[in-house]
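Residues per chain, in single letters:
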Amino acid sequence: MSYVLRTRHLTKRYGQKAIVQDLNMNVRAGDIYGFLGQNGAGKTTTLRMIMGLIRPTAGEIEWFGEGRAGERARAFERVGAIIEYPGFYLNLSAADNLEIHRRLMGMGNKEAIDDVLTTVGLIGAKRQKVKSYSLGMKQRLGIARALLHHPELLILDEPTNGLDPGGIKEIRQLFLRLAKQRGITFIISSHLLSEIEQLATRVGIIHQGKLLEEIDYEALQRKSRRYLEIKVDDERRAAYILEQQLNASDYVAAGPGVLHLYEHLDRAADVNYTLATHGIGVKGIALSGDKLEDYFLKMTGGDPLV
Amino acid sequence: MFNVFYAELLKLKHSRMFWLVLVGALPANLITLFVMMPKVSMDGARVGVDMMYVFYRQGMMLVMMGPSMFTIMAAYIFAREYQERTINQLFSYPISRIRILAAKLSVVFALIAVTAALSSILALGVGVVQLIKQNAEWNTIWLGIRMNLMVIVLSFGTVPVAAAFGMAGKSVIPAAVVGSFATIVTVIGEIGHGRQSILFPWLTSYGPVRRMAQEIAQAGSNPYEPTAALILTVVFLVSLTYCLFHYVRTDVHSGS
Ligand SMILES: Nc1ncnc2c1ncn2[C@@H]1O[C@H](COP(=O)(O)OP(=O)(O)OP(=O)(O)O)[C@@H](O)[C@H]1O
Ligand SMILES: [Mg+2]
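Report follows, based on the coordinates. (Residues numbered from 1 in each chain as written. Chains lettered and ligands numbered in written order. Predicted model: local features only at pLDDT ≥ 70, side-chain atom pairs only at ≥ 80, totals over all residues. Heavy atoms only, no water.)

Things to note about the packing of helix H2 (residues 17–36) of chain B against helix H5 (residues 97–119) of chain B
Residue and element names in this part refer to chain B.
Link 1 in the chain: Relative to each other, H2 and H5 sit at 35 degrees, their axes nearing to 8 Å. Viewed along their axes, H2 and H5 form a crossing whose handedness is right-handed. Here Met17, Val21, Leu22, Gly24, Ala25, Ala28 and Asn29 of H2 lie close against H5, whose contacting residues are Leu111, Val114, Thr115, Leu118 and Ser119.
Link 2 in the chain: Residue composition of the contact of H2 with H5, by class: 8 nonpolar, 4 polar and no charged. (Axes fitted to C-alpha atoms, helices over the stretch in contact; angles between N-to-C directions. Helix = DSSP H or I, 4+ residues; strand = E, 2+ residues; numbered from the N terminus. Left-handed = near helix turned anticlockwise from the far one by under 90°. Contact = heavy atoms within 4.5 Å. Nonpolar A, V, L, I, M, F, W, Y, C, P; charged D, E, K, R; others polar.)

So this is what it looks like as structure tokens:
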């Protein structure tokens, strides 16, 4: 497995307070890594350390599988980032802002500027001063800037901040397209689960500076799926009957006398009746498990997310 | 390195910076116009243009405007990255922060040079005309050019101080306060024409201007020059070291 970015025991303390604590993040090539946490969880602080904007109190950052330090400058040529806010020189047009980026990245071709502006749908506002841009337009321009030098990894701190629902959807499509067509790896931070729900392939959940869990999105979904918990006297016979009579296949034996059925969630009465008429003693049947949102809430101590 | 410098220059496009340059350069040209007005001596004869005097007046105005203008220019170039929240991006380039600092300071140097050039444009024009009319010698013109070159270099001596205020204050305001204070001291110093005044770092650039004066007391070479040069060098090095340290070491939290 090739890693694009790993952090080892990454820690940031301000005085006595640990803002980020012993964080081990593993981002694999091709991941769309959703970096999920509530306001103040430490997402931006982590990303700042990764981009060398603040100095870690402890820990290491490993880029593209190549050891540490020294290589950072070279690694930055392969990374595009928006940290916290897409800042631009307000007196300049979008094109001039990108020209500055092109120069500082030491890139050759000027046409790339029009290409990325087209990609994010800002080609029409190319000559407009950024001063007159809305926050949503700045977000897009930030994505354009981050894309200009053909990065392998995009690090985006809450990139859909300030976008309307239509815009969020559009940007999500763009990210998916970039991931698929160009094989770009993403780290996208968010405090909204719903925002990365239809995007992320992997999720890291940070809470109070600690990475609680790092998990494939699918596994997360499985973990947090809802099911009927059926308590019976003979789970093997019960399973057989569910298969035969209700055509069920998506279930697991969760323990002695306990079945988790992921289908027929709204048919608890039918399930009960079918089992009973086939001579199974049903002691209980209940809808259980988490919605993804609830699961996330539970992990982060039940504080409601925005 | 050129790319970094060019990028820094490009950042000033459509900014107010060029107004600052003009404000810095205009008064000197106005005073030159005034000095050039035809003069008549007591006995009614017309007096020719004294090029030494023209350059002296031009230089006076330039070094009077310099402390505030150059301070604001330098502070703006550093502070705006925080104000416009571009500092995160700026420090995410595969470019060392030392080179970014160097490019920014070079742009300030260029702006000072342009201001001085524009400020002396009328005086030089007059000089060339006088040269052609054989009313002035090349030597005098050269003294004027050299004075302006010296002013450029000496004015740069306090630029890292302004830069330091700009980056630490993350705003032009603290630097502007320093600049106004320096201007007040400068104006008082210049009016007094005292030889020691050049010991004040923002007034060291008055040194070469003062050398052009003929009618003030103790004109010509100034015994305080070595000390003034030393003080300015120390101020330059100390503030530059601070800038380096601050730029390279400090954690960056944009716009906060
Ligand atoms: N320079 C600092 N000094 C002290 N505390 C800080 C500093 N910077 C950030 N913090 C604290 O660190 C915590 C994490 O901040 P951070 O910006 O990383 O959170 P975040 O996960 O990005 O939140 P959000 O979703 O609001 O952007 C916050 O409680 C914040 O108050
Ligand atoms: Mg944040």
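Digging into the site of ligand 1
Residues and elements named next belong to chain A.
Link 1 in the chain: Close contacts around ligand 1 come from 13 residues, with Gly40, Gly42, Lys43, Thr44 and Thr45 the closest.
Link 2 in the chain: For ligand 1, an oxygen atom lies 3.2 Å from a polar atom in the backbone of alanine 41.
Link 3 in the chain: Residue glutamate 158 places a side-chain N or O atom 3.1 Å away from an oxygen atom belonging to ligand 1.
Link 4 in the chain: Burial of ligand 1 by the surrounding chains reaches 63%, relative to a free accessible area of 640 Å².
Link 5 in the chain: Mapped onto the shell around ligand 1, the elements with two or more residues apiece are strand E2 (17–23) and helix H1 (43–50).
Link 6 in the chain: Looking at the shell around ligand 1 element by element, the count peaks at 3 residues for H1.
Link 7 in the chain: Partitioning the shell around ligand 1 into residue classes produces 3 nonpolar, 7 polar and 3 charged. (Near = heavy atom within 4 Å. Polar contact = N/O pair within 3.5 Å; in protein donor to acceptor, adjacent residues only side chain to side chain. Areas by Shrake-Rupley, 256 points an atom, 1.4 Å probe, with all protein chains shown as cover.)

Focus: the sheet that holds strand E12 (residues 251–255) of chain A
All names here are of chain A.
Link 1 in the chain: What the 4 strands build is an open sheet, ordered E12-E13-E11-E14; its pairing is antiparallel. Of all strands in the sheet, those bounded by a partner on one side alone are E12 and strand E14 (282–289). Ignoring which end each strand starts from, the neighbouring axes of this sheet average 25 degrees apart.
Link 2 in the chain: Sheet topology places strand E11 (residues 226–232) next to strand E13 (residues 258–261); 4 bridges connect them, and they run antiparallel. Residue isoleucine 230 lies in a different strand from E13, and its bridge partner there is leucine 259.
Link 3 in the chain: Strand contacts of helix H9 (residues 235–246): E11, E12 and E13, with the helix running at about 25 degrees to E13, the strand carrying the most contacts. (Pairing = 2+ DSSP bridges.)

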